[in-house]
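# Summary of structural features
Letter by letter, the chains look like this.
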Amino acid sequence: MKIHEKYIQRCIQLAQNGLGTTYPNPMVGSVLVHNDQIIGEGWHRKAGEPHAEVHAIRSVKNPELLKEATIYVSLEPCSHFGKTPPCSDLILEKGIPNIVVGTVDPFAAVAGKGIERLRAAGRNVTVGVLENECRALNKRFFTFHNQQRPYIILKWAQSADGFIAPLAKEKREPVWISNRYARQLVHQWRSEEQAILVGTQTVLDDNPKLDTRDWWGKNPTRIVLDRSGKISTDFHVKDGKTATIVITAEENLTATDQVDYQNCIFESSLPQQIAGILFQKGLQSVLIEGGQKTLQSFIDAGLWDEARVFESGITLGSGLAAPQFNAPVAHTETIVENQLKMYYRHD
């Protein structure tokens, strides 16, 4: 089993190269081993392109070795025709006798069928190696399919005395509490998630672009709360440059190619309604960046999976208090002079 773990760990490492580029597919890595030597590797890079197993098999210089090899894969090989043919069929076609799987795929079209197909063909299949680690790798994918909602990440920066913004500002732009290195890291995070969400007041106060201008990668879909239509077209979130969903109580609003309107009842269970809308739109993850009222509403609803909080040495003396929640610090990291604290909600 320890040998299996070594190669599944390598699968996980390979799979992580696809973070932010494989949606709506999961991240998957695959390794082919012959006589305890890696002879092929691959990972899934983008939806519609070959899966990890295909890349791994294609990378093997001597295909004859496949008939004596073991293929390791972090997630169950698919058994259905989607944009690409089933990987389980390819494994059978190449005569690979041994298959080691990190975890079963929760997607209904797969969900154990790939494993059943391989076993029915007489192949030796081992399942559940580093299963927790493989599930954590695809925490967004598993949350989306098992809980029918996106994986929810809260993010904010707070001063040393516990404030996230001053009460009054002279300009319609952010007052930076975190440093520029922390801000660049946030743009990297944006490139890794499918959506980014802010409340009305954050847009009115800061006029944010909510893009990845300080990092390489695709801009996330912008989710903006605007109950009564306070956000006009001169704000960046309505510039048409990035797909945007405006959640509102206003009716009969005209959508454009890049701006969609979704109705909610703001007086009741708003976080749950938002999560439902994002699920229906196929968005597997959302980074919630503010403001305080929006962040607190998701915390109070118990509807979050992790929180990423920057703590600065700056003091404001007064201002808008940081969100309040009870969770132990799971990890602390120094970003130059800022402290990044990571929290995870566990049922």
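Residues numbered from 1 in each chain as written. Predicted model: local features only at pLDDT ≥ 70, side-chain atom pairs only at ≥ 80, totals over all residues. Heavy atoms only, no water.

Put simply, the rule reads: UniProt positions are given in the numbering used here, feature names are shortened, and annotations may be inferred rather than shown by experiment.
Looking at an unreviewed UniProt entry, the protein chain carries the name Riboflavin biosynthesis protein RibD, with the source organism given as Flavobacterium stagni. A UniProt comment under Function (unreviewed entry) is attached to the protein chain, and it reads "Converts 2,5-diamino-6-(ribosylamino)-4(3h)-pyrimidinone 5'-phosphate into 5-amino-6-(ribosylamino)-2,4(1h,3h)-pyrimidinedione 5'-phosphate."

## Some thoughts on the UniProt feature "binding site: Zn(2+)" (unreviewed entry) in the protein chain
Using the following cut-off: Residues are treated as being in contact if the distance between any of their heavy atoms lies within 4.5 Å.
Within this structure's numbering, the places UniProt gives as "binding site: Zn(2+)" (unreviewed entry) are His51, Cys78 and Cys87. On the basis of their most widely separated C-alpha atoms, the annotated residues across 37 residues gather in one place, lying no more than 9.1 Å apart. Ignoring sequence-local partners within four residues, the contact set of Cys78 consists of His51, Glu53, Pro85, Pro86, Cys87, Ser88 and Val110.

## Quick notes on the sheet that holds strand S16 (residues 338–344)
Here is the rule we go by: Only when DSSP finds a minimum of two bridges between them are two strands counted as paired. Secondary structure elements are taken from DSSP: a helix is a run of H or I of four residues or more, a strand is a run of E of two residues or more, and numbering for both begins at the N terminus. Every angle, taken between N-to-C directions, lies between 0 and 180 degrees, and every axis is a line fitted to C-alpha atoms, over only the stretch in contact when it is a helix.
Within the open sheet, the 9 strands sit side by side as S11-S10-S9-S8-S12-S6-S13-S16-S15. Their pairing is mixed. The two strands at the open ends of the sheet, each matched to only one other strand, are strand S11 (259–263) and strand S15 (329–335). Ignoring which end each strand starts from, the neighbouring axes of this sheet average 20 degrees apart. Bridge count for strand S6 (residues 151–158) against strand S13 (residues 306–311) is 6 bridges, and the pairing is parallel. Across the sheet, Trp156 pairs through a bridge with Val309, a residue of S13. Sitting on the sheet, helix H10 (residues 292–300) is in contact with S6, strand S8 (195–198), strand S9 (221–225) and strand S12 (285–290), with an inclination near 135 degrees to S6.

## Things to note about the environment of Ser318
Stated formally: Here's how the labels work: a residue is buried when its accessible area is under 20% of the maximum for its type, exposed when over 50%, partly exposed in between, all with a 1.4 Å probe on protein chains only.
Structurally, the position occupied by Ser318 is in the loop between S13 and strand S14 (320–321). Assessed through its relative accessible area of 44%, Ser318 is described here as partly exposed. Remark: the alpha-carbon pair of Ser318 and Pro166, spanning 152 residues in sequence, is separated by 6.7 Å. What Ser318 contacts, discounting residues up to four positions off in sequence, is Phe163 and Pro166.

## Topic: the UniProt feature "active site" (unreviewed entry) in the protein chain
In the numbering used here, UniProt assigns the "active site" (unreviewed entry) feature to Glu53. With respect to the element layout, Glu53 can be found in helix H2 (residues 52–58). According to the relative accessible area criterion, Glu53 is buried, its value standing at 4%. Setting aside its immediate chain neighbours within four residues, Glu53 contacts Ser30, Ile71, Val73, Leu75, Pro77, Cys78 and Cys87.

## Considering the nonpolar core
Put simply, the rule reads: Only buried Ala, Val, Leu, Ile, Met, Phe, Trp, Tyr and Cys residues count toward a nonpolar core, and they belong to the same one when joined by side-chain atoms within 4.5 Å.
Within the largest apolar cluster, 29 residues are counted, with the highest numbers of intra-cluster contacts made by Ile152, Leu154, Trp156, Ile223, Ile247, Ile274 and Ile288. Of all the elements in the fold, those that place two or more residues in this core are S6, S8, S9, strand S10 (244–248), helix H9 (270–280), S12, H10 and S13. Sorting elements by how many residues they give to this core places H9 first, with 5 residues. When neighbours within four sequence positions are excluded, Ile223 is seen to be in contact with Ala195, Ile196, Leu197, Val198, Ile245, Ile247, Leu278 and Leu283.

## Comments concerning the packing of aromatic side chains
Note the following rule: Classification of ring pairs rests on two measures: the distance between centres of Phe, Tyr or Trp rings, Trp counted by its six-membered ring, which must be within 6.5 Å, and the angle between planes, read as stacked under 30 degrees, edge-to-face over 60 and tilted in between. The criterion for a charge sitting over a ring is simple: Lys NZ or Arg CZ within 6 Å of the ring centre, and within 35 degrees of the ring normal.
The full count for this structure, using the stated rule, is 7 aromatic pairs. Where Trp156 meets Phe325, the ring centres are 5.7 Å apart and the plane angle is 80 degrees; that geometry is what we call edge-to-face. Of this pair, Trp156 sits in strand S6 while Phe325 sits in the loop between S14 and S15, and the two are 169 residues apart along the sequence. Ring pairs connect the aromatic residues Trp156, Trp304, Phe325 and Tyr343, which therefore count as one cluster. One Lys or Arg, Arg183, reaches over the ring of Trp176 and ends 4.4 Å from the middle of that ring. Here the basic side chain of Arg308 rests over the ring of Trp189, its NZ or CZ set 4.6 Å away from the ring centre.

## As for the sheet that holds strand S4 (residues 98–103)
The 5 strands are arranged S2-S1-S3-S4-S5 in an open sheet whose pairing can be described as mixed. Of all strands in the sheet, those bounded by a partner on one side alone are strand S2 (37–43) and strand S5 (124–127). Ignoring which end each strand starts from, the neighbouring axes of this sheet average 15 degrees apart. Here strand S3 (residues 70–75) pairs with S4 via 5 bridges, running parallel. Residue pairing across strands places Leu75 opposite Thr103, the latter belonging to S4. Against the sheet, helix H1 (residues 2–15) makes contact with strand S1 (29–34), S2, S3, S4 and S5, and its axis sits at roughly 140 degrees relative to S1, the strand it touches most.

## A few points about the domain arrangement of the protein chain
Under the convention used in this document: All domain edges in this entry derive from an automatic or database-based domain assignment. For any pair of parts, buried area is found by adding up, for both, the accessible area (1.4 Å probe) each one loses once the two are put together. Definition used for salt bridges: Asp or Glu carboxyl oxygen within 4 Å of a side-chain nitrogen of Lys or Arg. For this analysis, a polar contact is any N or O atom pair within 3.5 Å, provided that within protein one partner can donate a hydrogen and the other can accept it, and provided that sequence-adjacent residues contribute only side-chain to side-chain pairs.
For the protein chain, the domain assignment lists domain 1 (1–139) and domain 2 (148–344). Spacing between the C-alpha centres of domain 1 and domain 2 amounts to 35 Å. Every contact between the two is made by 5 residues of domain 1 and, on the other side, 8 residues of domain 2. For the pairing of domain 1 and domain 2, the buried interface totals around 650 Å² over both sides, and the portion due to carbon and sulfur atoms is 54%. Summed over the three residues of domain 1 that lose the most area to domain 2, namely Leu19, Tyr23 and Lys139, the buried surface amounts to 74% of that side. Scanning the region where domain 1 abuts domain 2 turns up 1 salt bridge. In this structure, Glu306 engages Lys139 in a salt bridge whose closest nitrogen and oxygen atoms are separated by 2.9 Å. Counting across the interface, domain 1 meets domain 2 through 4 residue pairs in polar contact (both at pLDDT 80 or more).

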